Amino acid sequence: MQLSVSENNVTNCLPLGKAPDLKYKEFYETSQFITGLILYPTICIPGILANMITLIVLSKKNMLTSTNAFLSALAVSDSVKLLNDIIYFSVTLLSKTHKAEANKAFGYIYPYAHFIFNMSACISSWLTVAVAAERYIMVCHPVRARLICSRSRAITTSALIYFVMTCVAIPSAMRYKTILVVDQDTNSTQYFVEITALWQNETFASAYNWVQNFLRCNIPLLILITLNTCIINSIRKSRANKRNSARHRVTIMMVVVMVTFILCITPDAIMTTFFGYGYHEEEDFLVKGIREYSDTLLALNAAVNFVIYCLFSRTFVKNFEALFCAHLKKKKTELEEETYRRLSESTAMHRSKRGSAV
């Protein structure tokens, strides 16, 4: 995500002597408007609510499986990603109405938002890999699955992923710093984001970017494609077995989750691997504009899992209906009973008045 609230912000993170190519500036600003002000709120707000519902449903006693432990952890990291995107939407909206306040918000928020973005993306990637690995073991090595796949092990693995990927993302928290510049003529303060001394070290920056890109995108993609291929081949071979139809539905659901992840993260992997940074300091407006859409695909991936669960898991839908639809039906019944009671009282009073009049 990149946000520009003033012309100075565009050039502030560029190497000395470089000026941005303004050829695709209009494309970038249009992309930022479409994604930041239209797509992000449309995707993120329902996505956060959906992830909250997912966590509630998966906490039901009959849903406490090893796979659902991974999916609960995934819903948490996806929610963090979506909340971060909502903040981006808020600052983008603010930049259209109150530029000074947006400039201040951007200056203070962006260094932390960049870290949260990378952290949540890394965590979600490896949780998806963990789901794929577990499903591969269950489908291709069912005997071993009884020994290997347990809920306690899934929780431990999820916690380990959170810890390791957060540590991996820590250097990205030290990538930017906020600079305050006072304009003596207007007596106003401008807030800029600059690259820190650590990240101006080209050797460190290049090495860390490659490591992070491979851990966040490339390695998870290769593992997921390999495991998905094995899982799909196994499903095709055992498709005739009616007894495993319920298990196959869960497996197909997980495959859809993984394929969605692959489709949504591939543009980001291409952008990061072949086009360098693509973040605030990127001087190419074409790259920045395209990255707006690749980041939006990551937000879509973080928001869409609830829909997949509803489409493929009968157990999930039944628990969802038991939790929410039953409550709504109860409220509707209570409302109908209250309406009937008031109507009866009104009718009785009306008859009483008629009797008195006679």
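Residues numbered from 1 in each chain as written. Predicted model: local features only at pLDDT ≥ 70, side-chain atom pairs only at ≥ 80, totals over all residues. Heavy atoms only, no water.

## Examining the overall build of the protein
Thought 1: The helix and strand inventory of the protein stands at 12 helices and two strands.
Thought 2: In the protein, the order of α-helices and β-strands from amino to carboxyl end is α-α-α-α-α-α-β-β-α-α-α-α-α-α.
Thought 3: By residue count, 45% of the 358 residues in the protein fall in the buried class.
Thought 4: Restricting to contacts in the protein with at least 6 residues of sequence separation, those with at least 24 account for 80%. (Helix = DSSP H or I, 4+ residues; strand = E, 2+ residues; numbered from the N terminus. Buried < 20%, exposed > 50% of the residue type's maximum accessible area, 1.4 Å probe, protein only. Contact = heavy atoms within 4.5 Å.)

## What to know about helix H3 (residues 66-97)
Thought 1: Between its first and last C-alpha atoms H3 spans 48 Å; for 32 residues at 1.5 Å apiece the expected length is 46 Å, and the two agree.
Thought 2: Within H3, 23 of the 32 residues are buried, leaving the element largely enclosed by the surrounding structure. (Expected span 1.5 Å × (residues − 1).)

## Digging into a nonpolar patch on the surface
Thought 1: Residues Tyr24, Phe27, Phe33, Ile38, Leu39, Ile290 and Tyr293 make up a contiguous nonpolar surface patch of roughly 550 Å² in combined accessible area.
Thought 2: Considering each element in turn, the nonpolar patch owes the most residues, four residues, to helix H2 (residues 25-58).
Thought 3: Following the sequence through the fold, Tyr293 ends up in helix H10 (residues 285-303). (Patch = residues over 30% accessible without salt bridge, like charges linked within 9 Å, V, L, I, M, F, W, Y side chains within 5 Å. Areas by Shrake-Rupley, 256 points an atom, 1.4 Å probe, with all protein chains shown as cover. Salt bridge = Lys/Arg side-chain N within 4 Å of Asp/Glu carboxyl O.)

## Some thoughts on the pairing of strand S1 (residues 176-183)
Thought 1: In this sheet, strand S2 (residues 188-195) lies alongside S1 in antiparallel orientation, the contact comprising eight bridges. Paired with Ile179 across the two strands is Phe192, which belongs to S2. (Pairing = 2+ DSSP bridges.)

## Describing the packing of aromatic side chains
Thought 1: Here the structure, examined in full by the defined rule, presents 12 aromatic pairs.
Thought 2: Pairing Tyr28 with Phe285 gives two aromatic rings, centres 5.5 Å apart and planes at 40 degrees, and the pair type is tilted. Within this pair, whereas Tyr28 is found in helix H2, its partner Phe285 is found in helix H10, the two being separated by 257 residues in sequence.
Thought 3: According to the relative accessible area criterion, Tyr28 is buried, its value standing at 2%.
Thought 4: Where Phe306 meets Phe320, the ring centres are 5.8 Å apart and the plane angle is 70 degrees; that geometry is what we call edge-to-face. Here Phe306 is found in helix H11 (residues 305-312), whereas its partner Phe320 is found in helix H12 (residues 314-357), with 14 residues between them in sequence.
Thought 5: An aromatic cluster is built from Phe306, Tyr309, Phe316 and Phe320, whose rings are joined through pairwise contacts. (Phe/Tyr/Trp six-rings, centres within 6.5 Å; stacked < 30°, edge-to-face > 60°.)

## Regarding the packing of helix H4 (residues 99-140) against helix H6 (residues 151-173)
Thought 1: Between H4 and H6, the shortest axis-to-axis distance is 8 Å and the interhelical angle comes to 145 degrees. The two elements H4 and H6 cross, and the hand of that crossing is right-handed. Touching Pro111, His114, Phe115, Asn118, Met119, Cys122, Ile123, Trp126, Leu127 and Ala130 of H4 are Ser158, Ile161, Tyr162, Met165, Thr166, Ala169, Ile170, Ser172 and Ala173, all from H6.
Thought 2: In terms of residue class, the contact of H4 with H6 is built from 14 nonpolar, five polar and no charged. (Axes fitted to C-alpha atoms, helices over the stretch in contact; angles between N-to-C directions. Left-handed = near helix turned anticlockwise from the far one by under 90°. Nonpolar A, V, L, I, M, F, W, Y, C, P; charged D, E, K, R; others polar.)

## Examining the environment of Cys44
Thought 1: The topology assignment puts Cys44 in helix H2.
Thought 2: Among the residues examined, Cys44 registers a relative accessible area of 0% and is labelled buried.
Thought 3: Linking Cys44 and Leu83, residues 39 residues apart in sequence, is a C-alpha distance of 7.4 Å.
Thought 4: Apart from the residues within four sequence positions on either side, Cys44 is in contact with Leu82, Asp85, Ile86 and Ala299.

## A look at H10
Thought 1: When the terminal C-alpha atoms of H10 are compared, their 27 Å separation across 19 residues agrees well with the 27 Å that a helix rising 1.5 Å per residue should span.
Thought 2: Of all 19 residues in H10, 14 are buried; the element is thus mostly enclosed.

## Some remarks on the packing of H6 against helix H8 (residues 202-237)
Thought 1: Relative to each other, H6 and H8 sit at 140 degrees, their axes nearing to 11 Å. With respect to each other, H6 and H8 are oriented oblique. As for the relative orientation of H6 and H8, their crossing is left-handed in sense. Residues Val168, Ala169, Pro171 and Ser172 of H6 lie in contact with H8, whose contacting residues are Phe204, Tyr208, Gln212 and Leu215.
Thought 2: In the contact of H6 with H8, the residues fall into six nonpolar, two polar and no charged. (Parallel < 35°, antiparallel > 145°, perpendicular 65-115°, else oblique.)

## Structural notes on the environment of Leu300
Thought 1: Position of Leu300 among the secondary structure elements: in helix H10.
Thought 2: By relative accessible area, which is 35% here, Leu300 ends up partly exposed.
Thought 3: The sequence separation of Leu300 and Thr260 amounts to 40 residues, and the corresponding C-alpha distance is 9.4 Å.

## Section: the confidence of the model for the protein
Thought 1: When the pLDDT values of the protein are averaged, the result is 82; 80% of them are 70 or greater.
Thought 2: Helix H1 (residues 7-11) is the least confidently modelled element of the protein, averaging 38 in pLDDT, while H6 averages 95, the highest of any element.
Thought 3: Confidence over residues 4-18 falls short of pLDDT 50; this stretch has 34 contacts with residues more than four positions distant or in other chains. (pLDDT = per-residue confidence, 0-100.)

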